[in-house]
Amino acid sequence: MSETTTRAEPRTTTEFRNVTLESRAPSGPIEQRWDQHRFNMKLVNPANKRKYTIIVVGSGLAGGSAAATLAELGYNVLCFCYQDSPRRAHSIAAQGGINAAKNYQNDGDSIYRLFYDTVKGGDFRSRESNVYRLSQVSVNIIDQCVAQGVPFARDYGGLLDNRSFGGAQVSRTFYARGQTGQQLLLGAYQALERQIAAGKVKMFTRSEMLDLVIINGRARGIVTRDMVNGKIESHVADAVVLGTGGYGNVFYLSTNAKGCNTTAIWRSHRRGAFFANPCFTQIHPTCIPVTGEHQSKLTLMSESLRNDGRIWVPKQAGDTRPPHQIPENEREYYLEERYPSFGNLVPRDVASRNAKQVCDEGRGVGPSGLGVYLDFADAINRLGANVIRQRYGNLFDMYERITAENPYEVPMRIYPAIHYTMGGLWVDYELQSTIPGLFVIGEANFSDHGANRLGASALMQGLADGYFVLPYTIGNYLAQGGFDKVSTDNPVCREVEAEVADRMTQLLSINGKRTVDSFHRELGKVVWEYCGMSRSADGLKKALQRIPEIRAEFWENVNVPGQNENLNQSLEKAGRVADFMELAELMCTDALHRNESCGGHFREESQTPEGEALRDDANFSYVAAWQFNGVGNKPILNKEQLSFEYVHPTQRSYK
Amino acid sequence: MKFTLRIWRQKSPKEWGRFVNYKLDDVSPDMSFLEMLDILNEELITKGDDPIAFDHDCREGICGMCGLVINGIAHGPEQTTTCQLHMRSFKHVDTITIEPWRATAFPVIKDLVVDRTSFDRIIQSGGYISVSTGGVPDANTLPIAKDNADMSMDGAACIGCGACVAACPNGSAMLFTAAKVGHLGLLPQGQPERYDRVLYMVHQMDEEGFGGCTNIGECSAVCPKEISMDFIARMNRDLIKANFIKGDIEKK
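### Things to note about the packing of aromatic side chains
Residue and element names in this part refer to chain A. Overall, the coordinates contain 33 aromatic pairs over all chains when judged by the stated rule. Ring centres of Tyr112 and Phe115 lie 5.3 Å apart, and the angle between their planes is 70°; on these two criteria the pair is classed as edge-to-face. Of this pair, Tyr112 and Phe115 are both found in helix H3 (residues 111-121), three residues apart, which corresponds to roughly one turn of the helix. Overall, Phe115 belongs to the buried group, its relative accessible area being 0%. Through a chain of ring-to-ring contacts, three or more aromatic side chains come together here, namely Tyr52, Phe439, Tyr477 and Phe483. Positioned above the aromatic ring of Phe483, the side-chain terminus of Arg218 is 4.1 Å from the ring centre. A cation over a ring is seen here: Arg331 above Trp312, with NZ or CZ 4.0 Å from the ring centre.

### A word on unusual backbone geometry
All names here are of chain B. Non-glycine residue Asp26 carries a positive phi angle of around 55°. As for its position among the elements, Asp26 is in the loop between strand E2 (18-24) and helix H1 (33-46). For Asn215, which is not glycine, the phi dihedral falls at a positive 55°. Inspection of the secondary structure assignment puts Asn215 in the loop between helix H6 (194-207) and helix H7 (218-222). For Asn215, a relative accessible area of 59% gives the class exposed.

### Comments concerning the sheet that holds strand E5 (residues 201-204) of chain A
Residues and elements named next belong to chain A. Strand order in the open sheet formed by five strands is E5-E2-E1-E9-E17, with parallel pairing between adjacent strands. Strand pairing shows two members of the sheet lacking a second neighbour, E5 and strand E17 (438-440), which therefore form its edges. Across this sheet, the average inter-strand angle for adjacent strands is 20°, counted without regard to direction. For strand E1 (residues 53-57) and strand E2 (residues 76-80), the ladder comprises five bridges, and the chain directions are parallel.

### Structural notes on the interface of chain A and chain B
Taken residue by residue, the interface counts 74 residues in chain A and 71 residues in chain B. Across the interface of chain A and chain B, roughly 6,100 Å² is buried in total on both sides, 51% from carbon and sulfur atoms. Across the chain A-chain B interface, the total number found is five salt bridges. Across the pair Lys102(A) and Asp138(B) runs a salt bridge whose closest N-O atoms are separated by 3.0 Å. Our count for the contact surface shared by chain A and chain B stands at 45 residue pairs in polar contact (both at pLDDT 80 or more). Those elements that place two or more of their residues in the side of chain A that touches chain B are helix H2 (61-73), helix H4 (128-148), helix H5 (180-197), helix H10 (385-403), helix H11 (458-478), helix H13 (516-531) and helix H15 (569-593) of chain A. A per-element tally of the side of chain A that touches chain B places H5(A) first, with nine residues.

### Section: the sheet that holds strand E14 (residues 372-375) of chain A
Within a sheet, neighbouring strands are paired by backbone hydrogen bonds and run either parallel or antiparallel to one another. Residue and element names in this part refer to chain A. One open sheet holds the five strands; their spatial order is E11-E15-E14-E12-E13, and the pairing between them is antiparallel. At either end of the open sheet lies a strand with only one pairing partner, and these are strand E11 (281-287) and strand E13 (331-332). By the bridge criterion, three bridges tie strand E12 (residues 310-314) to E14 in an arrangement that is antiparallel. Residue Arg310 lies in a different strand from E14, and its bridge partner there is Asp375. Its contacts with the sheet place helix H8 (residues 348-363) against E11, E12, E13, E14 and strand E15 (412-421), and it is angled at close to 65° to E11.

### A word on H1(B)
In an α-helix there are 3.6 residues to a turn, and that puts residues three or four apart on one side. Here H1(B) is 14 residues long and its end C-alpha atoms lie 20 Å apart, about the 20 Å a rise of 1.5 Å per residue gives. Burial analysis of H1(B) places 11 of its 14 residues in the buried class, the great majority of the element. Among the residues of H1(B), Phe33(B), Leu34(B), Glu35(B), Met36(B), Leu37(B), Asp38(B), Leu40(B), Asn41(B), Glu42(B), Leu44(B) and Ile45(B) are the ones counted as buried. Against H13 and H15 of chain A together with strand E1 (3-9), E2, strand E3 (69-70) and strand E5 (95-99) of chain B lie the buried residues of H1(B). One or two positions beyond H1(B), positive phi appears at Gly48(B), with a value near 85°.

### A short note on the domain arrangement of chain A
All names here are of chain A. Per the domain assignment, the segments of chain A are domain 1 (284-419) and domain 2 (511-641). Summarising the inter-unit geometry, the C-alpha centres of domain 1 and domain 2 are found 29 Å apart. On the domain 2 side, the residues contacting the 10 residues of domain 1 number 10 residues. Interface area, domain 1 with domain 2, both sides summed: about 840 Å², of which 58% is carbon and sulfur. Of all residues in domain 1, the largest losses of buried area upon contact with domain 2 belong to Glu293, Arg353 and Lys356, amounting jointly to 53% of the total for that side. Viewed at the interface, domain 2 and domain 1 are joined by one salt bridge. Where Lys525 meets Glu293, a salt bridge forms, and the shortest distance between an N and an O atom there is 3.2 Å. Summed over the shared surface of domain 1 and domain 2, the result is two residue pairs in polar contact (both at pLDDT 80 or more). If you list the elements that add at least two residues to the side of domain 1 that touches domain 2, you get H8 and E15. Looking at the side of domain 1 that touches domain 2 residue by residue, the classes come out as five nonpolar, one polar and four charged.

### Observations concerning the state of the cysteines
Here is the idea: a disulfide is a covalent bond, and it sits between the sulfur atoms of two cysteines. All names here are of chain A. Evaluated as defined, the whole model comprises zero disulfides over all chains. No disulfide involves Cys531; its nearest neighbouring cysteine sulfur is the one of Cys588, lying 4.3 Å away. Of all cysteine sulfurs in the structure, the one in Cys279 sits closest to Cys598, which takes part in no disulfide; the separation is 7.4 Å. A relative accessible area of 0% places Cys598 in the buried class.

### Considerations on a nonpolar patch on the surface
A surface patch of nonpolar side chains, amounting to about 390 Å² of accessible area, comprises Ile240(B), Phe244(B) and Ile245(B). Along the chain, Phe244(B) turns up in helix H8 (residues 230-246).

### Remarks on the side chain of Asp111(B)
Residue and element names in this part refer to chain B. You can see Asp111 is positioned in the loop between strand E6 (108-110) and strand E7 (113-114). Residue classification places Asp111 among the buried residues on the basis of a relative accessible area of 2%. One polar contact links the side chain of Asp111 to the main-chain amide nitrogen of Ala53, over a distance of 2.9 Å. Beyond its immediate stretch of four places on either side in the chain, Asp111 contacts Trp8, Arg9, Gln10, Pro51, Ile52, Ala53 and Pro100.

Definitions and cut-offs
- Residues numbered from 1 in each chain as written.
- Chains lettered and ligands numbered in written order.
- Predicted model: local features only at pLDDT ≥ 70, side-chain atom pairs only at ≥ 80, totals over all residues.
- Heavy atoms only, no water.
- Phe/Tyr/Trp six-rings, centres within 6.5 Å; stacked < 30°, edge-to-face > 60°.
- Helix = DSSP H or I, 4+ residues; strand = E, 2+ residues; numbered from the N terminus.
- Buried < 20%, exposed > 50% of the residue type's maximum accessible area, 1.4 Å probe, protein only.
- Lys NZ or Arg CZ within 6 Å of the ring centre and 35° of its normal.
- Pairing = 2+ DSSP bridges.
- Axes fitted to C-alpha atoms, helices over the stretch in contact; angles between N-to-C directions.
- Contact = heavy atoms within 4.5 Å.
- Buried area = accessible area lost by both parts, 1.4 Å probe.
- Salt bridge = Lys/Arg side-chain N within 4 Å of Asp/Glu carboxyl O.
- Polar contact = N/O pair within 3.5 Å; in protein donor to acceptor, adjacent residues only side chain to side chain.
- Expected span 1.5 Å × (residues − 1).
- Domains from an automatic or database assignment.
- Nonpolar A, V, L, I, M, F, W, Y, C, P; charged D, E, K, R; others polar.
- Disulfide = S-S within 2.5 Å.
- Patch = residues over 30% accessible without salt bridge, like charges linked within 9 Å, V, L, I, M, F, W, Y side chains within 5 Å.
- Areas by Shrake-Rupley, 256 points an atom, 1.4 Å probe, with all protein chains shown as cover.

This is how it looks when you write it as structure tokens:
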């Protein structure tokens, strides 16, 4: 243990010290792997399903769809969310759309093409078998959602409309205005509410998972805190599913909802679940720039805006003229010039990195100098303001509300922000973590996006896992049987409850001078500076020195007012920030060890002569799955080697 | 900018609440309303006082978690969600009164936080299409006229924030309920359960203690998603039909 952590360290499980990473990814022709695997898996007899209880933590696209589907199959489900209703999970904020290989537009799309694009887009750091399965079930998702009443956009003939999105050269993205995530989530939410009414799902709202209960080597329950009355209690089941989203809020400023946190997956990591590729985070290029220190979150605008907007900065550094006074020949449309075949539609990581680069050169725009223009003047001239209003009206309104500038007249200003985390708990092909009985779905796992996620693929993965993958694979686990009878009186439950209660008491009794938010902001700045869009060994070493210092001060000097026994938002935040502090260190450790540029992760020591990202397949073609080894101690690296039988690794080029 | 904030404080559902005045200096016009409250809370915590509890999450106007009555208007003066309201909408040295949603069916939990689970129970009573995962037809087998799909989406845009209820003198949830009835009832997939759905949802709405609609229109005037009162008219039409077709729900 490091000297900087002086507090009593809760016991961590040592049961999973010698786990070998077995991906259980099937072999054989890739088109047949999922069918074959489904056939090979054991089934739970329909009459026996009601004898099993499954805990689902999180009620977003992954958790909500899984909870509803498992209940429909006959399992008893306990579902938990920290919001006041499952309808509010952050999946709701996804704007742009959801990919599916329907080929409705007859433009040459296919399951294989979606698979190919996703593996390549992920910069060859994902598992081929998983990605192929994702592409296969993508078509079922659209059918399911339409049947539920999701009002996707339609053309005048009444059939479904598509658009091309974020680097794709086919139109495979389905959308519901700029509110696709909301509509898909409401579909899953309504299916979930139907099962709540049917008595198959017991829903716990305003309830936060604070630890995992492992009994006889299997995940058998969770310990939660009721956020209204502070009650800390155990819930037991035959399996636990985490659909708790990503950890982007480690950066303090991100496009995540304020409540998004890492606690469920971090606490599970501490109990033995390996954390895969924690440094793979995604920076979204089209967010509204920061205005000042008071800023509490960043707002993303759908990158579909890049379909019609042109990105530019002044050619001269320090040019502070308003945009309409800068003549055409003094502007640089840098993406169009550098990447002629993709132009403004290059993938997210390329767009983000180039924006940072031009701002670092002093050519950024807006009061902070951290912004680039996204200009619709040409599109409005070509198509008319009405067409643009139809396509992006709600986004333009939102931009104007936040910035008080009218984007029909003045170019938008945008800057990259943290948006999604590709890293997460390591899972095998069946979405099971290294802890037997602990399944992880959606953004919370690491599985399908490699080092970079393509636009409109997050919604696809969340729903694929929840509707069409986990409901089969969890049956294979349950059918193995051998479950001891477990109740909440089990001594392990009592022990974990006591640890959680101690932690709350400890946070409340520090009575220091600084607020939780001030620590969170400080941590976020360090992670953004050294483990953001561009990383170097020197910077990461600085971060690895600084983070334990911030953490040590936190445990000595944080001020958490109030009590545990009622609604206490400061206490909720304190617990989450404490976990972010530990995760931040793991992220930097992972980033430091991965001495290559790939996907959204640019390593300064690894670039081509033209300054493009240079991947190092000879040394880093693996998943880095980290094993917890005590706070402040170096985690243990485990590697899952990746092999590419179908999509052969090439250096990505969008020139 | 400087403000006097008159904020509703209430320790728990059972205790009496009261207004407490706070002064806040150095507010930037670019701050969102919730960021202004963040800064007040930081000051309160530093002084050793209990910060103000308020609900919020996405802070981009879509999750529906936030909601405050600001100077007597649900979500404040701009017909947007509270999180999308900015301080530039207020005058320097204004006094701003901040209250929770007030409705029988939304009991206060603490300060500005209310319990809106009654909305979930309305959805549970029938706000869905009864289709289980798998075994559904291809998405394009069912063409839907663009106008209908668009109108359905207008209703589906509801974020369930509850401003309609807070603004209604009757504390009615008609706009919320009608938006869901309209969203599903306008689609062919929603037809099989159309009349049962409206009966059960309206029944549940009454059970929860929401009032009736007297066509005042405050609901639509504060709705951050600008959901039209036409949905209420549409639902009433379905409700009358349903009563003829299905009879009295109490007897079911």
